[in-house]
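Spelled out, the chains give:
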There are 2 protein chains.
Amino acid sequence: MTARQDVQQADVPAICKSCEARQDGLCGAFNARQLAELAKASSRHEVPAGTELPDDGTYSNLLSGVVKLTRNLSDGRQQIVGFHFAPDFLGRPFEAKKPIRAEALTNVALCSFPKVIIDRMANEMPELGRLLLKHTLNELDEARDWMAALGRKTASEKLASFLLMVARNTDPAHHPASPISFDLPLTRTDIADFLGLTIETVSRELSRLRSDGTIRIVNKRQISLASMAQIEERCGD
Amino acid sequence: MTARQDVQQADVPAICKSCEARQDGLCGAFNARQLAELAKASSRHEVPAGTELPDDGTYSNLLSGVVKLTRNLSDGRQQIVGFHFAPDFLGRPFEAKKPIRAEALTNVALCSFPKVIIDRMANEMPELGRLLLKHTLNELDEARDWMAALGRKTASEKLASFLLMVARNTDPAHHPASPISFDLPLTRTDIADFLGLTIETVSRELSRLRSDGTIRIVNKRQISLASMAQIEERCGD
DNA sequence: GAGTCGCCTTGATCGAGATCAAGGTTTTGC
DNA sequence: GCAAAACCTTGATCTCGATCAAGGCGACTC
């Protein structure tokens with residue numbers, strides 16, 4: 001049984017159904033006929049944590065899980081340049097100059113479709129092109145926020161900003177004043193590679209935020225905050 | 001006399017003529033009728049160094065000069081998140097969440113046109129949407145390169161990478177093995193704000209690169225390199 | 001020409017975060 | 001259930017780049 005058949009036969013949320021319901025990813029823009037065509041062409045993948053995702057021009061909706069994007073220097077130093085949290089849209093509409101490495105941080109479920117179909121639809125449908133553009137602009141905006149953090153924030157401001165980002169992605173609608181707890185989908189090494197720090201500094205700063213009372217470390221991977229607002233104060237911006 | 005009349009009467013290179021000839025900026029995508037319409041709606045501006053450019057939704061081709069984009073933290077720490085060198089295209093197709101500050105580093109000549117015109121043309125013309133998207137993807141790619149630099153490079157690698165970027169923008173077609181010299185359109189403060197360093201470190205690292213023989217500092221604002229390839233080796237990537 | 005201002009360089013010292021080191025905890029595999 | 005491996009924390013020390021301080025240089029004013 002192929003992945004494609006799987007989508008058609010089972011009642012699993014394929015791109016069209018799940019995304020249309022949620023009005024996110026790409027799917028808000030399509031009409032019923034297009035959604036049906038996409039459903040046929042799409043395939044659902046389950047990918048275990050640690051897998052590298054090919055940069056092959058396919059487009060995907062990230063149904064669940066977290067993906068990291070990385071750049072490496074020649075001697076192996078690594079910088080994480082972005083994350084994708086469900087229900088983000090993945091994929092680079094044109095071949096960019098440098099390939100980007102993408103890797104699943106957690107188990108990941110993807111609904112992906114061939115480049116040619118999206119490209120054709122983008123030509124028919126200015127709406128879709130706009131959506132892709134808007135999406136890319138948001139990514140650019142985020143990248144620039146992190147540039148400011150990497151260049152100008154202290155270690156503890158970086159940690160606070162990172163925790164706030166994860167909290168926001170865990171529950172975008174969360175009330176700023178009420179407590180929240182969430183899983184960190186990353187190792188200390190990944191956090192360090194994102195914030196331009198070492199794992200020891202990450203560990204120390206987390207301990208400091210805990211003894212401050214700013215955060216509670218339920219276990220190594222689970223954090224709880226008294227409020228978003230409180231951590232926001234420590235971000236420096 | 002308004003700027004608009006100025007464009008029509010004088011033979012100054014407005015977007016359409018100059019850009020079509022150069023095949024850059026936005027203008028490669030337009031036909032003759034559209035170019036004529038753009039010419040009518042466009043206005044040419046000369047802006048002195050230090051002016052802040054409004055983030056008002058207009059689109060512009062940067063005809064000459066250099067522009068910096070910045071993010072500020074609440075206490076005034078500044079990070080430069082990008083540059084535009086002529087003949088880049090400026091403008092953000094949709095309102096993004098955070099406004100971005102743009103400032104002319106040198107005297108700048110702009111050819112700008114109202115948002116509504118471009119937006120309408122983008123709807124008629126999938127080509128144009130693609131161009132905007134491609135353009136934004138390139139900016140994203142660059143932002144991510146600088147994230148890697150800010151997070152993981154040493155001060156001297158950052159300086160080398162910066163000099164290489166300026167050299168490439170000064171003469172994109174330059175042969176990698178032959179010598180090149182160029183003006184730095186920035187103060188030491190701006191360089192520091194871009195690289196996440198202090199002005200003293202920038203100054204010291206430039207001095208070190210000079211005593212290495214990697215660069216020659218003709219005067220404070222003019223640098224010459226034996227070759228692009230040589231400086232490339234010192235960038236760490 | 002003297003004085004002021006903006007910008008840059010260089011030296012001395014400091015400190016945030018890196019590195020080195022050791023041990024603890026959690027997960028995995030048999 | 002035990003051993004090994006992976007991951008995390010904490011302490012001691014070091015270092016790169018920041019900070020503090022002084023002076024140089026060029027442009028502009030009077």
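Residues numbered from 1 in each chain as written. Chains lettered and ligands numbered in written order. Predicted model: local features only at pLDDT ≥ 70, side-chain atom pairs only at ≥ 80, totals over all residues. Heavy atoms only, no water.

Novice: What's the story with the protein's contact with DNA strand D in this structure? I'm lost.
Specialist: Among the 17 residues in the neighbourhood of DNA strand D, the closest are listed as A:R188, A:S203, A:S207, B:T201 and B:R204. A breakdown of the atoms of DNA strand D within 4 Å of the protein gives sugar and phosphate a share of 67%. Between a base nitrogen of DNA strand D and a side-chain N or O atom of A:R204, the distance comes to 2.9 Å. Side-chain polar atom of B:R204 to a base oxygen of DNA strand D: 2.8 Å apart, as the coordinates give it. Secondary structure elements with two or more residues in the surface near DNA strand D: α8 (199-212) of chain A together with α8 (199-212) of chain B. Top element by residues in the surface near DNA strand D is α8(A). It accounts for five residues. (Near = heavy atom within 4 Å. Polar contact = N/O pair within 3.5 Å; in protein donor to acceptor, adjacent residues only side chain to side chain. Helix = DSSP H or I, 4+ residues; strand = E, 2+ residues; numbered from the N terminus.)

Novice: Looking at this structure, how should I read the pairing of strand β10 (residues 215-219) of chain A?
Specialist: The side chains of a regular strand alternate, first on one face of the sheet and then on the other. All names here are of chain A. Sheet topology places β10 next to strand β11 (residues 222-225); four bridges connect them, and they run antiparallel. Within β11, the position partnered with I217 by the bridge is I223. Between β10 and the antiparallel strand that follows it, β11, lie two residues. (Pairing = 2+ DSSP bridges.)

Novice: Help me understand the interface of chain B and chain A in this model?
Specialist: Interfaces are frequently sized by the accessible area removed from exposure as the parts join. Contact residues are listed per partner, giving 49 residues for chain B and 49 residues for chain A. For the pair chain B and chain A, the summed buried area comes to about 4700 Å², and 57% of that belongs to carbon and sulfur atoms. For the interface between chain B and chain A, the tally reads 12 salt bridges. In this structure, the salt-bridge partner of B:E139 is A:R144, at a minimum N-O distance of 3.2 Å. (Contact = heavy atoms within 4.5 Å. Buried area = accessible area lost by both parts, 1.4 Å probe. Salt bridge = Lys/Arg side-chain N within 4 Å of Asp/Glu carboxyl O.)

Novice: I would appreciate a short explanation of the packing of aromatic side chains in the present structure.
Specialist: For any pair of aromatic rings, the description consists of the separation of the ring centres together with the inter-plane angle of the planes. All names here are of chain A. Following the criterion strictly, the structure yields 10 aromatic pairs over all chains and no others. With centroids separated by 6.2 Å and ring planes inclined at 55 degrees, the aromatic side chains of F83 and F85 adopt a geometry described as tilted. The burial state of F83 is the same as that of F85; both residues are buried. Here a set of aromatic residues connected by ring pairs shows up, and it is made of F83, F85, W146, F162 and F194. (Phe/Tyr/Trp six-rings, centres within 6.5 Å; stacked < 30°, edge-to-face > 60°. Buried < 20%, exposed > 50% of the residue type's maximum accessible area, 1.4 Å probe, protein only.)

Novice: What's the story with the pattern of salt bridges in this structure? I'm lost.
Specialist: Side chains that differ in charge, positive against negative, can pair when their charged atoms come close. All names here are of chain A. Enumeration over the complete set of coordinates arrives at 34 salt bridges over all chains. We note a salt bridge from E37 to R120, for which the minimum N-O separation is 2.4 Å. One end of the pair, E37, is in helix α3 (residues 32-41); the other, R120, is in helix α4 (residues 115-124), and 83 residues separate them in sequence. Judged by its relative accessible area of 24%, E37 falls in the partly exposed class.

Novice: I'm lost on the side chain of B:T214 in this one. Help?
Specialist: All names here are of chain B. Looking at the secondary structure, you find T214 in the loop between α8 and β10 (215-219). At 3.1 Å, the side chain of T214 forms a polar contact with the side chain of R234. Ignoring anything within four residues of it in the chain, the contact list for T214 reads L209, L225, A226, Q230, I231 and R234.

Novice: Help me understand helix α6 (residues 155-170) of chain B in this model?
Specialist: At 3.6 residues per turn, the α-helix brings residues three or four places apart onto the same side. All names here are of chain B. In this model α6 runs 23 Å from its N-terminal to its C-terminal C-alpha over 16 residues, within 8% of the 22 Å that 1.5 Å per residue would give. Of all 16 residues in α6, 12 are buried; the element is thus mostly enclosed. Taken together, the buried positions of α6 are occupied by A155, E157, K158, L159, A160, S161, F162, L163, L164, M165, V166 and A167. (Expected span 1.5 Å × (residues − 1).)

Novice: Where do I start with the pairing of β11(A) in this structure?
Specialist: By the bridge criterion, four bridges tie strand β9 (residues 180-183) of chain A to β11(A) in an arrangement that is antiparallel. Along β11(A), the bridge assignment pairs A:I180 with A:L225.

Novice: Hey, could you run me through the relation of the copies chain B and chain A in this one?
Specialist: When chain B is fitted to chain A, the best match, at an RMSD of 0.0 Å, comes from turning it 180 degrees and sliding it 0.0 Å along the axis. Those values place the two copies in the arrangement expected of a two-fold rotation axis. Taken together, the interface assignments show that 100% of the residues at the interface of chain B recur at the interface of chain A, consistent with an identical surface on both copies. (Least-squares fit on C-alpha atoms with pLDDT ≥ 70 in both.)

Novice: Whenever I open this one, the protein's contact with DNA strand C confuses me. Can you help?
Specialist: As a matter of local geometry, DNA strand C sits amid 18 residues, with A:T201, A:R204, B:R188, B:S203 and B:S207 nearest to it. Looking at DNA strand C alone, sugar and phosphate atoms form 67% of those within 4 Å of the protein. Separating a base oxygen of DNA strand C from a side-chain N or O atom of A:R204 is a distance of 2.8 Å. Between DNA strand C and B:S207, the relevant distance is 2.5 Å, taken from a phosphate oxygen to a side-chain nitrogen or oxygen of the residue. Counting only elements with at least two residues in the surface near DNA strand C, the list comes to α8 of chain A together with α8 of chain B. Looking at which element gives the most residues to the surface near DNA strand C, the answer is α8(B), with five residues. Considering only residue class, the surface near DNA strand C consists of two nonpolar, seven polar and nine charged. (Nonpolar A, V, L, I, M, F, W, Y, C, P; charged D, E, K, R; others polar.)

Novice: What am I meant to see in the environment of A:L184 here?
Specialist: Residue and element names in this part refer to chain A. Its location among the elements puts L184 in the loop between β9 and α7 (188-195). Taking the C-alpha atoms as reference, L184 lies 8.4 Å from L163; in sequence the two are 21 residues apart. Those residues in contact with L184, other than ones at most four positions away along the chain, are F162, L163, V166, I191, K220, R221 and I223.

Novice: Before we go on, may I ask you to explain the sheet that holds strand β7 (residues 101-104) of chain A in this structure?
Specialist: Where strands meet in a sheet, backbone hydrogen bonds hold them as pairs that are either parallel or antiparallel. All names here are of chain A. The four strands are arranged β2-β7-β4-β5 in an open sheet whose pairing can be described as antiparallel. Two strands bound the open sheet, and with one partner strand each, they are β2 (52-53) and β5 (78-85). Bridge count between strand β4 (residues 66-72) and β7: four bridges; the pairing is antiparallel. Bridge pairing in β7 places V67 opposite A104. Sitting on the sheet, α7 is in contact with β4 and β5, with an inclination near 105 degrees to β5. (Axes fitted to C-alpha atoms, helices over the stretch in contact; angles between N-to-C directions.)

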